[in-house]
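Residue-level structure breakdown
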Amino acid sequence: YLTDYLSEQAVRAIDANRNRPFFLYLAYNAPHTPLQAWREDYEAVAHIKDHTRRTYAAMIRALDRGVGRVLEALRANGLADDTLVIFTSDNGGANYIGLPGINDPFRGWKMTFFEGGVRTPFFARWPRRIAAGSKALEPVGHVDLFTTAATAAGATIPTDRPIDGVDLV
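Owing to the predicted nature of the structure, the values given are computational and were not obtained by experimental measurement. (Residues numbered from 1 in each chain as written. Predicted model: local features only at pLDDT ≥ 70, side-chain atom pairs only at ≥ 80, totals over all residues. Heavy atoms only, no water.)

**What about the packing of aromatic side chains?**
- Enumeration over the complete set of coordinates arrives at 2 aromatic pairs.
- Ring plane angle 55 degrees and centroid distance 5.6 Å describe the contact between Tyr 1 and Trp 38, whose orientation is recorded as tilted. In this pair, Tyr 1 sits in the segment before helix 1 (2-16) while Trp 38 sits in the loop between helix 1 and helix 2 (39-44), placing the two residues 37 residues apart along the sequence.
- Take Trp 38: its relative accessible area is 43%, and that puts it in the partly exposed class.
- Plain terms: the ring middles of Phe 87 and Phe 123 are 6.4 Å apart, the flat faces sit at 40 degrees to each other, and that makes the pair tilted. Of this pair, Phe 87 sits in strand 1 (residues 85-88) while Phe 123 sits in strand 2 (residues 122-125), and the two are 36 residues apart along the sequence.
- On the basis of relative accessibility, which here comes to 32%, the residue Phe 87 falls in the partly exposed class.
- Note that Arg 54 overlies the ring of Tyr 42, its terminal NZ or CZ placed 3.9 Å from the centroid.
- Residue placement shows Arg 129 over the ring face of Trp 126; its charged tip is 4.6 Å from the ring centre. (Phe/Tyr/Trp six-rings, centres within 6.5 Å; stacked < 30°, edge-to-face > 60°. Helix = DSSP H or I, 4+ residues; strand = E, 2+ residues; numbered from the N terminus. Buried < 20%, exposed > 50% of the residue type's maximum accessible area, 1.4 Å probe, protein only. Lys NZ or Arg CZ within 6 Å of the ring centre and 35° of its normal.)

**Notes on the environment of Tyr 28**
- As for its placement among the helices and strands, Tyr 28 is situated in the loop between helix 1 and helix 2.
- For the pair Tyr 28 and Tyr 1, spaced 27 residues apart in the sequence, the C-alpha separation amounts to 11 Å.
- Residues contacting Tyr 28, with those up to four places away along its chain left out, are Thr 3, Leu 6, Ser 7, Leu 63, Gly 66, Val 67 and Val 70.
- Looking at Tyr 28, its side chain comes within polar contact range of the main-chain oxygen of Gly 66, at 3.5 Å. (Contact = heavy atoms within 4.5 Å. Polar contact = N/O pair within 3.5 Å; in protein donor to acceptor, adjacent residues only side chain to side chain.)

**What to know about helix 1**
- With 15 residues, helix 1 extends 21 Å between its outermost C-alpha atoms, agreeing within 8% with the 21 Å of an ideal straight helix rising 1.5 Å per residue.
- Residues Thr 3, Ser 7, Ala 10, Val 11 and Ile 14 constitute the buried set of helix 1. Axial view of helix 1: buried residues confined to an arc of 100 degrees, hence all on one face. Those residues of helix 1 that are exposed and angled more than 90 degrees off the buried face are Arg 12 and Ala 16.
- The secondary structure elements touched by the buried residues of helix 1 are helix 3 (51-76). (Expected span 1.5 Å × (residues − 1). Arc of directions from axis to C-beta.)

Following this line, the structure appears as structure tokens:
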């Protein structure tokens, strides 16, 4: 199951690099087609009667478990407070998976410019630098990832060209 495999590899990378600075890009494909889930996760959301929605929810459950494993690996290695973790998605839910209302209350889907297609979650966690519960008052986008990560790593931002993103920290 790819979600679990990616989580395991991320944990292994954290363990292997715990004594030096590292960058880990963990690009889960869940929830994405094909919609597939472990029976245990599917049964854990038995209150959802629609099979497709239930499978989707089970995939979210596996994703949540994987993110938890990564955060636990950071904690177990003494890295949790000093590590910037960003959780985001590349687009809103897709209309071809057969789940009407998956982006409610927003209109539109993946591959549209309506809010249901472009509005995505974006969370950052860095306990030593970002106060819990902080909120950005301006719109945030993937264009901000470069400047944020570079600044967090102490890198110098190029000045010989325009850089569109801003440091979110």
